[in-house]
Amino acid sequence: MQILRLYDPARRPPGWMQIVKPGQFALFAKDLDSDVPCDADGRRFADPAQGSCVVFDGLEEARAFGEAAVARTPAMRVDIFDAAGRANPPLLTLVHPSRATEADSHPRIQRRRRLIAWALIATGLPLIGFACVERNDRDIILPAFVGINMILAAARLLWFNLAVRETERVRQDRVRQHDATAVTQPRDP
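Heads up: these notes are all about the structure in this document. (Residues numbered from 1 in each chain as written. Predicted model: local features only at pLDDT ≥ 70, side-chain atom pairs only at ≥ 80, totals over all residues. Heavy atoms only, no water.)

1. Some words on the overall build of the chain
Here comes step 1: In terms of regular secondary structure, the chain is built from three helices and six strands.
Here comes step 2: Counted from the first residue to the last, the chain has its helices and strands arranged as β-β-β-β-α-β-β-α-α.
Here comes step 3: Taking 16 Å as the expected radius of gyration for a compact globule of 189 residues, we find that the chain reaches 23 Å, considerably beyond that expectation.
Here comes step 4: For the chain, the spread of C-alpha atoms along the three principal axes comes to 80 × 40 × 35 Å.
Here comes step 5: Counting over 189 residues, the chain shows a buried share of 32%.
Here comes step 6: For the chain, the computed accessible surface area is about 11,800 Å², with 61% contributed by carbon and sulfur atoms. (Helix = DSSP H or I, 4+ residues; strand = E, 2+ residues; numbered from the N terminus. Rg over C-alpha atoms; globule rule 2.2 N^0.38 Å. Buried < 20%, exposed > 50% of the residue type's maximum accessible area, 1.4 Å probe, protein only. Areas by Shrake-Rupley, 256 points an atom, 1.4 Å probe, with all protein chains shown as cover.)

2. What about the side chain of arginine 99?
Here comes step 1: Structurally, the position occupied by arginine 99 is in the loop between β6 (92-95) and α2 (107-133).
Here comes step 2: Overall, the relative accessible area of 16% leaves arginine 99 in the buried class.
Here comes step 3: Within the structure, arginine 99 has its side chain in polar contact with the side chain of aspartate 33 (distance 2.4 Å).
Here comes step 4: Setting aside chain neighbours within four positions, we find arginine 99 in contact with Leu32, Asp33, Pro74 and Ala75. (Polar contact = N/O pair within 3.5 Å; in protein donor to acceptor, adjacent residues only side chain to side chain. Contact = heavy atoms within 4.5 Å.)

3. Looking at the packing of aromatic side chains
Centre distance and the angle of the planes are the two values used to describe a pair of aromatic rings.
Here comes step 1: All chains considered together, the criterion is met by three aromatic pairs.
Here comes step 2: When the centroid spacing of 5.1 Å and the interplanar angle of 70 degrees are considered together, the rings of tryptophan 16 and phenylalanine 28 count as edge-to-face. Of this pair, tryptophan 16 sits in the loop between β1 (2-5) and β2 (25-31) while phenylalanine 28 is found in strand β2, placing the two residues 12 residues apart along the sequence. Grouping residues by exposure puts tryptophan 16 and phenylalanine 28 together as buried.
Here comes step 3: A ring pair is formed by phenylalanine 56 and phenylalanine 65, whose centres lie 5.2 Å apart and whose planes are at 50 degrees; its orientation type is tilted.
Here comes step 4: We classify phenylalanine 56 as buried; its relative accessible area is 1%.
Here comes step 5: The partly exposed category is assigned to phenylalanine 65, whose relative accessible area is 22%. (Phe/Tyr/Trp six-rings, centres within 6.5 Å; stacked < 30°, edge-to-face > 60°.)

Here it is, written out as structure tokens:
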């Protein structure tokens, strides 16, 4: 475990991305409510230039540290990235179990979005149908406008659910790939 400032002009290389090597993992902590970066103990950085991450040599070590950190500080979220850094979504996002239901990928949140989308479709289609049947031009504008916008909003919600599921699937594949690599490659002493 190594605490590493994100950017240190006195260090060579100055950026954290040039220091983290393949097979290492960077842990970033954020306040869950404000999304403000903080240290691994949940304290916000007084100066953004003092921002840091914690670098680990193994994914399991980073996961264990992150789980312990969110257990100590429930208002904190921990993101764990591989050596590619923020070029990809985090390999793991850890939150306290009491706050897990707030995540976009939680099944209850996805189910709620899906139900809202289908309710919008069920309400929007009759409005569009009414606008098509009604022949008075003045009376069809509002129902058609509202109905079309309801269908578009529903499509956005369903598309968001699809994107969240796909991102989660890719993330799980990346974690499995890192786990398999860790098993096949012996660790240096």
